[in-house]
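Listed below are the residues making up each chain.
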Amino acid sequence: MKISYNWLKDYLPADEVFAPYIKDIRKMEEILTSIGLEVEGVEQFESIKGGLKGLIVGEVLTCEKHPNADKLKLTTVNTGSEVLNIVCGAPNVAAGQKVVVATVGTVIHPVKGDAFTIQKAKIRGEESRGMLCAEDEIGLGESHEGIIVLPENSVPGTTVADLYDVYTDTVFEIGLTPNRMDAQSHLGVAKDVCAWLTHHTGNKADVVSPLGKPFTADNNDKPVEVVVKDATLCPRYSGVSITGIQTAESPRWLKHRLMALGMRPISNVVDITNFILHATGQPLHAFDADKIGGGKVVVETLPQNTLFVTLDEKERKLSNEDIMICDGADIPMCIGGVFGGLDSGISSSTKNIFLESASFNPGNVRKTIFRHGLRTDAAVRFEKGVDISKTVDVLKYAAQMIRELCNGVISSEVVDIFTPPADRIIDLEYSYLKKLSGRDFKKVEVKVILTQLGFKILEENEQLLKVRAPDSNPDISLPADVVEEILRITGLDNVPIPRQVKMTPGIHDNAQEALLKEKTAAWLTGNGFMEIFTNSITNDDYYPEAKNVVRIINSLSEELNIMRPDMLATGLESIAYNINRKNRDLLFFEFGKSYSAKGSDYKEKEHLSVSVTGSFSKKTWNTAEKTVDIFYLKGIAQSLFRLAGVSYEIEVDEAKGVIAFASGKDRVARINRVPNSYLSKFSIKQPVYFLDIDWALFAKLAAGEEIVYTPVPKYPAVSRDLSMVLDSSVRFSKIEEVIQSLKIKRMKRIQMFDLYESDKLGKDKKSVALNFIFSDTEKTLTDEDTDGMMNKIMKALTEKVNAEIRSNG
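Below, the structure is looked at part by part. (Residues numbered from 1 in each chain as written. Predicted model: local features only at pLDDT ≥ 70, side-chain atom pairs only at ≥ 80, totals over all residues. Heavy atoms only, no water.)

### Considering empty space enclosed by the protein
Where empty space is left becomes clear once a probe the size of a water molecule has been rolled over the atoms.
Now for step 1: Inspection of every chain in the model, using the stated rule, returns two cavities of 30 Å³ or more.
Now for step 2: Of the volumes computed, that of the largest cavity is approximately 60 Å³.
Now for step 3: Around the largest cavity, the lining residues are Asn 179, Arg 180, Asp 182, Asn 473, Asp 475, Ile 476, Asp 481, Glu 484 and Glu 485.
Now for step 4: A class-by-class count of the residues in the lining of the largest cavity yields one nonpolar, two polar and six charged.
Now for step 5: Each pocket or cavity is described by its volume, and for the second largest cavity that value is around 50 Å³.
Now for step 6: Lining of the second largest cavity is provided by Lys 49, Gly 50, Gly 51, Leu 52, Lys 53, Leu 55, Val 107, Ile 108, His 109 and Ile 138.
Now for step 7: Grouping the constituent residues of the lining of the second largest cavity by class yields five nonpolar, three polar and two charged. (1 Å grid on protein atoms, 1.4 Å probe; cavity = no way out; pocket = protein on both sides within 12 Å on 5 of 7 lines; lining within 4 Å. Points joined across faces, edges and corners; volume = space filled by probe spheres on them. Nonpolar A, V, L, I, M, F, W, Y, C, P; charged D, E, K, R; others polar.)

Spelled out as structure tokens, the structure:
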């Protein structure tokens, strides 16, 4: 949020005792940061870009045609200290004129384009030692029809900045935290600064507020009736009619205030409402009073999908939760607190207005913002909460400004429909204050700070203070909130640090699972995977046939309306996002939860999901590109099980193309290729393989396994290869099952390294080559030992899978 230094000073006391703090920009920056309004940046504002620095008044002494150019002229210009030869191309330059001169070395800031420095030059053979300036060349306007001709009484050598009202300001960029709705305005910031000044100087500093001045209506010729149908949606609604306004350009001081904050002045009425917003934090809305049917304003909600055209000329379907401002004919005029309607807003022809100042339910406003994608300055204030006690005072202040600057006539009494909120009474015990803050505050010190911040002292004794929280801070409801307010003003950097810091280490029940998760993530990232974090809320279009899904009752958008029943769809969204940006080789993993419900029984399930697509190894000068497939992902799963020490059996469902990992009767993991029909929902045209691990079960099994260290063997391992021909229908898992059933303890590994299929082998036959590793911890294996084990294996394969042994060695 931007805060104007000049504007802020308007609301701070002018007493000389505070001058060292208020007039020092650096000190003010420190104060703002100290009270929790961290200054993230400081920038300088000039109403005229460049501030006309270096430009001086000159008098054209002579003006002659350039000998080498038809459209250029040679001039001699008196700058008060010297006479300069300047080549000029402006059609209106003439002797005797007083002009704006940029001498050599002056930096020019044009309206369009970058700044540049004037240099001595030769133009078509003639020397030029400066430039005679047009409006657009120095930031004064858009015109480039000719140079600026100054009044005749202008004195050569005078700085041009003295002739124009160049407004300068310092603007603080404040990082406003969500709980600081009270500081969304210059008056709110001034309140905090005054509290700081009072505490740190010992002198009472009061905000110089423009609110609360005497107010009287000029007549009651145009009253407007107001009806609020639901006070929970709009606890306060105030309004007043103003007639005979004259829409025109705003005065310079008002335009400068808005421009310093980056806003473009529009007209006096609109500028006043914007000024009030940033001055007080209270949004206002002006209706064309002549378009309010029946002279009546009704605050209500309308039926679902009612159509309404907003100021941006877009037709929107309303929700039955949107707060609507309607007229007496029940025609919607405005989305309360968010955006105006096309047919009820003011225009250049508007003469009579009805000015609204209200307080709307923050929760409803926030939902409306996201529902319609309308995040306006007013909506941002309303979604955090405004000071409900000030709506009428702000309304009166705005009406008086419109009367003064727009020649308006206040033509009704202020109407005010108000349902006061419940008082937020807080008991602050001094012992609690000391415990939480680490400081022993004086009681009078605490009272002064809280009073300056708008708290009302209801009761006090030796043990506690009973206070009522100010309406400007709806977020304050607990004693801890009050302690925070006190610490902000005294300074968080003034909290004493004890010599000893004592702590008790925490013991976590799930520490072992957390270590396993960290170990698993480290292994995956070390093997080229990237961890992703996706939204647990997704679109039910991905699950048209899913049952027992958890639906969001008040979803923020139609695309995010259910809690995900599995991890696949959100992972595919990430894959699609990357593929659309030419990143096609993806290895992703994610720890997350899925959700389901049966009636009122809601369940969460933890997962480790792994999604792969594209290549896992790039093509190089001596290696081919390797693309992922279901066997690659199977290897990843096997490695994860080995890493955790979890034993497993592999189950293959050929019909469904699914590989499952089971431990006993429990299915722990599942691998499959994602069907193309499902990938089409995400516009993914390349194969994707998906591994889903039941993480809670996986972690439980890992915790039940005792990992035992086995020393590195002292004796060398023996490698043997085996080639055989068998039926094409025999899967490697079956071969592996037959061999493992022999329970050969000295067989440490079995791996298939070649697969060959050809009609030359016979119909429906294939050749498979296996590699075996044997090792004994007690001795070096002899050929006789190895042959015995290999013969046992070959016999089993011949009998169980009808293998024809081709070679063994």
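From this point on, the discussion continues.
### Here we look at the environment of Val 668
Now for step 1: Considering the arrangement of structural elements, one finds Val 668 in strand β39 (residues 666-673).
Now for step 2: The buried category is assigned to Val 668, whose relative accessible area is 2%.
Now for step 3: Remark: the alpha-carbon pair of Val 668 and Phe 698, spanning 30 residues in sequence, is separated by 6.3 Å.
Now for step 4: Contacts of Val 668, omitting those with residues within four sequence positions, involve Phe 641, Phe 661, Ala 662, Ser 663, Asp 692, Ile 693, Asp 694, Leu 697, Phe 698 and Leu 701. (Helix = DSSP H or I, 4+ residues; strand = E, 2+ residues; numbered from the N terminus. Buried < 20%, exposed > 50% of the residue type's maximum accessible area, 1.4 Å probe, protein only. Contact = heavy atoms within 4.5 Å.)

### Quick notes on helix α6 (residues 268-280)
Because an α-helix completes one turn every 3.6 residues, residues spaced three or four positions apart along the sequence face the same direction.
Now for step 1: For α6, which comprises 13 residues, the first-to-last C-alpha distance of 18 Å matches the rise-based estimate of 18 Å (1.5 Å per residue) to within 8%.
Now for step 2: Among the 13 residues that make up α6, 11 are buried, leaving the element largely enclosed by the rest of the structure.
Now for step 3: Positioned one or two residues after α6, Gly 281 has a phi angle of 85°, which is positive. (Expected span 1.5 Å × (residues − 1).)

### What about the packing of helix α3 (residues 25-34) against helix α4 (residues 186-201)?
Now for step 1: Viewed as axis vectors pointing N to C, α3 and α4 meet at an angle of 95°, and their least axial separation amounts to 10 Å. Relative to α4, the element α3 lies roughly perpendicular. Every residue of α4 that contacts α3 at Lys 27, Met 28, Ile 31, Leu 32 and Ser 34 is listed here: Val 189, Val 193 and Trp 196.
Now for step 2: Its residues assigned to classes, the contact of α3 with α4 shows six nonpolar, one polar and one charged. (Axes fitted to C-alpha atoms, helices over the stretch in contact; angles between N-to-C directions. Parallel < 35°, antiparallel > 145°, perpendicular 65-115°, else oblique.)

### Overview of the sheet that holds strand β42 (residues 747-757)
Working definition: the strands of a sheet are paired by backbone hydrogen bonds and lie parallel or antiparallel to each other.
Now for step 1: As summarised here, the arrangement of the four strands in space is β42-β43-β41-β44, forming an open sheet in which the pairing is antiparallel. Either end of the sheet is taken by a strand with one partner, and the two such strands are β42 and β44 (804-808). For this sheet the average axis-to-axis angle between neighbouring strands, irrespective of direction, equals 25°.
Now for step 2: Note: strand β41 (residues 718-727) against strand β43 (residues 765-774), 10 bridges, orientation antiparallel. Bridging across to β43, Arg 720 finds its partner in Phe 772.
Now for step 3: Lying over the sheet, helix α18 (residues 732-740) contacts β41, β42 and β43, oriented at roughly 150° with respect to β42.
Now for step 4: Here helix α19 (residues 783-800) sits on the sheet and contacts β41, β42, β43 and β44; the angle it forms with β41, its principal contact strand, is near 15°. (Pairing = 2+ DSSP bridges.)

### Quick word on the layout of surface pockets
Now for step 1: Put simply, the largest pocket is a space of about 2000 Å³.
Now for step 2: Along the walls of the largest pocket sit 45 residues, with Gln 638, Arg 642, Tyr 648, Glu 736 and Ile 750 positioned nearest its centre.
Now for step 3: Elements represented by at least two residues in the lining of the largest pocket include exactly α15 (630-644), β37 (649-653), β38 (658-663), α18, β42 and β43.
Now for step 4: Of the volumes computed, that of the second largest pocket is approximately 870 Å³.

### Quick word on helix α10 (residues 430-437)
Now for step 1: Of the positions making up α10, those classed as buried are Tyr 430, Leu 433 and Ser 437. The buried residues of α10 all sit within an arc of 55° when viewed along its axis, so they share a single face. Opposite the packed face of α10, turned more than 90 degrees from it, sit the exposed residues Ser 431 and Lys 435.
Now for step 2: Where α10 is buried, its residues contact β26 (425-429), α11 (443-452), β28 (464-468) and α12 (479-490). (Arc of directions from axis to C-beta.)

### Digging into the pattern of salt bridges
Now for step 1: Applying the stated criterion to the full structure yields 39 salt bridges.
Now for step 2: One salt bridge in this structure joins Arg 257 and Asp 10, with 2.3 Å as the shortest N-O distance. In this pair, Arg 257 is assigned in helix α5 (residues 252-260) and Asp 10 in helix α1 (residues 5-10), connecting sequence segments 247 residues apart.
Now for step 3: Accessibility expressed as a relative area gives 40% for Asp 10, which makes it partly exposed.
Now for step 4: Measuring nitrogen to oxygen at the nearest pair gives 3.4 Å for the salt bridge that ties Arg 26 to Glu 29. (Salt bridge = Lys/Arg side-chain N within 4 Å of Asp/Glu carboxyl O.)

### Describing the packing of aromatic side chains
Now for step 1: Following the criterion strictly, the structure yields 17 aromatic pairs and no others.
Now for step 2: Consider the rings of Phe 641 and Phe 661, whose centres lie 5.1 Å apart with planes at 20°: the pair is stacked. Residue Phe 641 is located in helix α15, and its partner Phe 661 is located in strand β38; the two are separated by 20 residues in the primary sequence.
Now for step 3: What makes Phe 641 buried here is its relative accessible area of 0%.
Now for step 4: Residue class for Phe 661 comes out buried when judged on its relative accessible area of 0%. (Phe/Tyr/Trp six-rings, centres within 6.5 Å; stacked < 30°, edge-to-face > 60°.)

### Regarding the pairing of strand β16 (residues 284-288)
Now for step 1: In terms of burial, β16 is largely enclosed, as five of its five residues are buried.
Now for step 2: Side chains of β16 alternate between two faces, with Leu 284, Ala 286 and Asp 288 and His 285 and Phe 287 buried alike.
Now for step 3: The pairing of β16 with strand β23 (residues 353-359) spans five bridges and is classified as antiparallel. Bridged to Ala 286 within β23 is Leu 355.

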